[in-house]
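Okay, here's what each chain looks like letter by letter:
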Amino acid sequence: MKRAIGIFDSGIGGLTVLKEILNAMPGEDTIYLGDTARVPYGTKSAETVMRYSFENAKFLLKFDIKLLVVACNTASAYCLPQLKKELPIPVVGVIEPGAKKAVEVTKAKRIGVIGTEGTIRSGAYFDAIKAIDLSIAVFTQPCPLFVPLVEEGWINNQIVRLTAQTYLQDIKGHWIDALILGYTHYPLLKGVISDIMGENVMLIDSGRETAAEVARCLMDRNILKTISSGQSSHQFFVTDSPERFKQVGSRFMGASFNTVELVNLGN
Ligand code: DGL
């Protein structure tokens, strides 16, 4: 039997991570859970995000998944060590892969991080970077307004540009040469962000780096599926509004969904 990769996010944004996983490992089966009833996680307390994350993981474990990807930066920032410790399968979050890549590419030893209030407040990216190289300076900026803008489909208009300019002004003034997009929605704003930051700043997509880490992890354990292992299947579950997930999510995935099932995590 083919065991799937389980992925959860606070909502729709984690589809940017799923997309990278499918690009990197097209033979894999996946089960995605978007906690759309309780999104956003970015403004909630660590205790609440922890409770939600364990409930999400518990739901996915019922499918006998072989690995869990915590696609949400906020959930990774607050809960990864606990999830790793308590779950019986490998768990991959989005913070460490993004931090590692940024450390690899920075020559100026100056890295910027943008994310939700929760991700920035947790200091998770700061700690992950400093754990690799203490001499690197880290500059952070929460950008909460990017989420509703992206979900509205506004990824390159006047309002997005002004919002991005306002958020990124300070961080740009610190002469960073790598900027971590520490938020599931940011890859969709890459164009605007890179215009503002300029060509000397490399944008690090945590989702892409996470997909590479998942592939490494499966390969090390000899449980990576190749395309030749047969057709792959992809299931989607949400805790609210499957129709909205389908509609907005197709923009994130660049593809449409067949079925998205509504689940109640209390069951
Ligand atoms: N998925 C979340 C993250 O990457 C963004 C949306 C939210 O605040 O829940 O942190």
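Computed from a predicted structure; not experimentally measured.

**What to know about the overall build of the protein chain**
Broken down by element type, the protein chain carries 11 helices and 10 strands. Taken over the C-alpha trace, the protein chain has a radius of gyration of 18 Å; the compact-globule value for 267 residues is 18 Å, and the two agree within 12%. Across its three principal directions, the C-alpha atoms of the protein chain cover 50 × 40 × 40 Å. The proportion of buried residues among the 267 residues of the protein chain is 54%. Long-range pairs, those at least 24 residues apart, make up 76% of the contacts in the protein chain with a sequence separation of at least 6. Positive and negative charge centroids in the protein chain, built from 28 and 27 side chains respectively, lie 2 Å apart.

**Digging into the packing of aromatic side chains**
Throughout the structure, instances matching the rule amount to 12 aromatic pairs. Note on Tyr32 and Phe236: the rings are 6.1 Å apart at their centroids and 45° apart in plane angle, and the pair reads as tilted. Separated by 204 residues along the polypeptide, Tyr32 in strand β2 (residues 30–34) and Phe236 in strand β9 (residues 234–238) bring together distant segments of the chain. Across this residue pair, the class does not change: Tyr32 and Phe236 are buried. Ring centres 5.4 Å apart and planes at 90° place the aromatic pair Phe146 and Tyr186 in the edge-to-face group. Placement of the pair is Phe146 in helix α7 (residues 146–151) and Tyr186 in the loop between β7 (178–182) and α9 (190–197), with a sequence separation of 40 residues. Across the pair, Tyr186 and Phe146 agree in class, each one buried. The positively charged end of Arg38 is found above the aromatic ring belonging to Tyr52, 3.9 Å away from the centroid.

**Observations regarding helix α1 (residues 15–24)**
Residues that lie three or four places apart on an α-helix share one face, since the helix turns once every 3.6 residues. A large share of α1 lies buried, amounting to seven of its 10 residues. Of all the positions in α1, only Leu15, Thr16, Val17, Leu18, Glu20, Ile21 and Leu22 are classed as buried.

**Details of empty space enclosed by the protein**
The method is simple in principle: a probe with the dimensions of a water molecule rolls over the atoms, and the space it marks as empty is what remains. Within the structure shown, the criterion is met by two cavities of 30 Å³ or more. Here the largest cavity is characterised by a volume of approximately 40 Å³. If you go around the largest cavity, the residues you meet are Thr16, Val17, Ala71, Asn73, Val94, Leu181, Tyr183, Thr184, Pro187, Asp205, Ser206 and Gly207. Looking at the lining of the largest cavity residue by residue, the classes come out as six nonpolar, five polar and one charged.

**Considerations on the environment of Val91**
Relative to the helices and strands, Val91 resides in strand β4 (residues 91–93). The class for Val91 is buried, based on a relative accessible area of 6%. If we ignore the near neighbours within four places in the chain, the residues touching Val91 are Leu68, Val70, Leu80, Leu83 and Lys84.

**As for the layout of surface pockets**
Considered as a void within the structure, the largest pocket measures approximately 310 Å³ in volume. Around the largest pocket sit 22 residues that line it, and Pro40, Gly42, Thr116, Val147 and Tyr183 are the ones nearest its centre. Of all the secondary-structure elements, those providing two or more residues to the lining of the largest pocket are α3 (73–86) and α7. Looking at the lining of the largest pocket, the element that brings in the most residues is α7, giving three residues. Class assignment for the residues of the lining of the largest pocket results in nine nonpolar, 10 polar and three charged.

**What to know about the sheet that holds strand β6 (residues 137–142)**
Backbone-to-backbone hydrogen bonds pair the strands of a sheet. The strands run either parallel or antiparallel. With parallel pairing, the four strands of this open sheet are ordered in space as β6-β5-β7-β8. In this open sheet, the two strands that pair with only one neighbour each are β6 and β8 (202–205). Neighbour-to-neighbour, the strand axes of the sheet open up by a mean angle of 25°, direction not taken into account. Bridge analysis of strand β5 (residues 110–115) against β6 gives six bridges, and the strand direction is parallel. Its bridge partner lying in β6, Arg110 is registered against Ala137.

The rules behind these values
Residues numbered from 1 in each chain as written. Predicted model: local features only at pLDDT ≥ 70, side-chain atom pairs only at ≥ 80, totals over all residues. Heavy atoms only, no water. Helix = DSSP H or I, 4+ residues; strand = E, 2+ residues; numbered from the N terminus. Rg over C-alpha atoms; globule rule 2.2 N^0.38 Å. Buried < 20%, exposed > 50% of the residue type's maximum accessible area, 1.4 Å probe, protein only. Contact = heavy atoms within 4.5 Å. Lys, Arg positive; Asp, Glu negative; His and termini not counted. Charge placed at Lys NZ, Arg CZ, Asp CG, Glu CD. Phe/Tyr/Trp six-rings, centres within 6.5 Å; stacked < 30°, edge-to-face > 60°. Lys NZ or Arg CZ within 6 Å of the ring centre and 35° of its normal. 1 Å grid on protein atoms, 1.4 Å probe; cavity = no way out; pocket = protein on both sides within 12 Å on 5 of 7 lines; lining within 4 Å. Points joined across faces, edges and corners; volume = space filled by probe spheres on them. Nonpolar A, V, L, I, M, F, W, Y, C, P; charged D, E, K, R; others polar. Pairing = 2+ DSSP bridges. Axes fitted to C-alpha atoms, helices over the stretch in contact; angles between N-to-C directions.

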